[in-house]
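Commentary on secondary and tertiary structure
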Amino acid sequence: MRIVRHIPFVNKDTVSYNCRMKKNMGNRRVAIVTGADRGIGFQICRLLGELGFQVVLTSPDPERGKAAAEKLKDMGLAVVYHVLDLLNDRHLDILRSFVMKKFGRVDVLVNNAGISLDAGMSKVEGLLRRRIKKAPRKMDYGEGPGILKTGLDIMRATLDVNALGALKMCQTFIPLMMKAHYGRVINISSTLGQLNSMTDDEKVPAYQLSKTALNAVTRMTADACRGTNVAVNSVCPGWTRTDLGGPGAPQSAEEAAKDIVWLATQPDNGPTGQFFQHRRRIAW
């Protein structure tokens, strides 16, 4: 008995289109941005998306993160959301598996997530709730406790998110970049972490220490990436109108994001192991 297989009609134009789309998606650079459901992080995602990147928007709050990603997708940008609490090591493993399975590459990492607990500027969310005995009340810079009075729980939590959280992201994704011979890592720092002008007058010692430590992460990881076309830099976005910067800051989140995206899209043989503000190198 002869068996006849019925082969469905296939539109050649559709096949051609799907092949082109698959090829284009394969060539699309992939960027991960932490702490990106608002402020500078959100604008970084938007600008990278407008440049044609596939963006993975992360944050510890799924509700806010999904809403932010949907807003960008409504603009026609290639953005997906993935939950990421930097205090949760399992989240990093899951994120790595997700990105590599779905996109097969990571080209840009922006370590934007950061907290300022000293002056009560940051909301205590996610696993931070288990770490902080009492969240400080919100106050202006210069009004909080100094280095001799700030609680060690505040110090540890701030360092764990701002410095060690970024380091864990680097340890997770930089080896993939090195293997692919391409990567751009941007650590969002602050001039408050500059050692050459460090004082206790700002009264945000945990934040200051964390940014100094983050700059050290930048220097060491950049050195570890020598000869691999993986560039690692720190950048201070400047005083910006965000939850941390407040409404009186002179520049918008979009303006700050432009400088960060400029650094994240530098060509081969560009700067690495450096500290920038407004596209100019500054002292450590």
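Along each chain, the written sequence defines residue order, and numbers are assigned to residues from 1. Restriction of local features to residues with pLDDT of at least 70 applies here, the model being predicted, together with a cutoff of 80 or more for giving and counting side-chain atom pairs; totals for whole chains, interfaces and linings are based on all residues. Working from all heavy atoms in the structure, the side-chain values ignore hydrogens and water.

**With respect to the confidence of the model for the protein**
Stated precisely, the cut-off is as follows: Per-residue confidence from the predictor is reported as pLDDT, a score between 0 and 100. We call two residues in contact whenever any of their non-hydrogen atoms come within 4.5 Å of each other.
Considering every residue of the protein, the mean pLDDT works out to 87; 86% of them sit at 70 or more. Every residue in residues 1–25 is under pLDDT 50, and counting partners more than four places away or in other chains gives two contacts.

**Comments concerning the environment of Val217**
Applicable threshold: Put simply, DSSP marks the helices as runs of H or I at least four residues long and the strands as runs of E at least two long, and each gets a number from the N terminus on. Only protein chains enter the area calculation, which uses a 1.4 Å probe; residues under 20% of their type maximum are buried, those over 50% are exposed, and those in between are partly exposed.
Mapped onto the fold, Val217 is located in helix H7 (residues 205–224). Val217 sits in the buried class, given a relative accessible area of 9%. Here the alpha-carbon distance between Val217 and Ala163, two residues 54 residues apart in the chain, equals 7.4 Å. Residue contacts for Val217: discarding those within four places in its chain leaves Ala163, Leu167 and Asn187.

**Section: helix H4 (residues 89–102)**
Filter applied, for reference: To estimate how far a helix should extend, the number of its residues minus one is multiplied by 1.5 Å. In this description, the arc belongs to the directions extending from the helix axis to the C-beta atoms. Between N or O atoms, a polar contact is any pair within 3.5 Å; within protein, one atom must be a potential hydrogen donor and the other a potential acceptor, and residues adjacent in sequence are included only when both atoms are from side chains.
Under the 1.5 Å per step criterion, the end-to-end length of H4 is 20 Å for 14 residues, consistent within 8% with the ideal 20 Å. Three or more residues of H4 are buried, namely His91, Leu92, Leu95 and Val99. Taken end-on, H4 shows its buried residues confined to a sector of 100 degrees, consistent with a single buried face. For H4, exposure combined with an orientation more than 90 degrees from the buried face picks out Arg90, Asp93 and Lys101. The inward-facing, buried residues of H4 contact strand S1 (30–33), strand S2 (54–59), strand S3 (79–83) and helix H6 (152–180). For H4, the side-chain oxygen to backbone nitrogen distance between the N-cap and Arg90 is 3.0 Å, and the N-cap itself is Asn88. Positive backbone phi, approximately 75 degrees, marks Gly104, located one or two places after H4.

**With respect to the environment of Lys73**
Note on placement: Lys73 falls in helix H3 (residues 62–73). For the pair Lys73 and Arg46, spaced 27 residues apart in sequence, the C-alpha to C-alpha distance is 9.5 Å. Looking at Lys73, its side chain comes within polar contact range of the side chain of Glu70, at 2.9 Å.

**Observations regarding the sheet that holds S1**
What counts here: Note on pairing: two strands pair once DSSP finds at least 2 bridges between them. All axes here are fitted lines through C-alpha atoms, helices being fitted over the stretch that makes contact, and every angle between N-to-C directions spans 0 to 180 degrees.
Strand order in this open sheet of eight strands is S3-S2-S1-S4-S5-S6-S7-S8, and the pairing throughout is mixed. Looking at which strands have only one partner, the edges of the open sheet turn out to be S3 and strand S8 (280–281). As paired strands, strand S7 (residues 275–277) and S8 are joined by two bridges and run antiparallel to one another. Each residue of the ladder has a partner; that of Gln277, found in S8, is Arg280. Lying over the sheet, helix H2 (residues 39–50) contacts S1, S2 and strand S4 (108–111), oriented at roughly 170 degrees with respect to S1. Here H7 sits on the sheet in contact with strand S5 (183–188), strand S6 (230–236) and S7, set at roughly 160 degrees to S6.

**Some words on the packing of aromatic side chains**
The line we're drawing: Between rings of Phe, Tyr and Trp, where Trp is taken as its six-membered ring, a pair exists when centres lie within 6.5 Å; planes separated by under 30 degrees are stacked, by over 60 edge-to-face, and by other angles tilted. A ring is scored as having a charge over it whenever the NZ atom of a lysine or the CZ atom of an arginine sits within 6 Å of its centre and within 35 degrees of its normal.
Counted under the stated rule, the structure contains three aromatic pairs. Relative to Phe276, the ring of Trp262 lies with its centre 5.9 Å away and its plane at 75 degrees, an arrangement referred to as edge-to-face. Remark: Phe276 occurs in strand S7 and Trp262 occurs in helix H8 (residues 253–264); sequence separation between them is 14 residues. Owing to a relative accessible area of 26%, Trp262 belongs among the partly exposed residues under this scheme. On the basis of an interplanar angle of 25 degrees and a centroid distance of 5.3 Å, the ring pair of Phe275 and Trp284 is categorised as stacked. Its end group placed over the ring of Tyr182, Arg29 keeps NZ or CZ at 3.8 Å from the ring centre.

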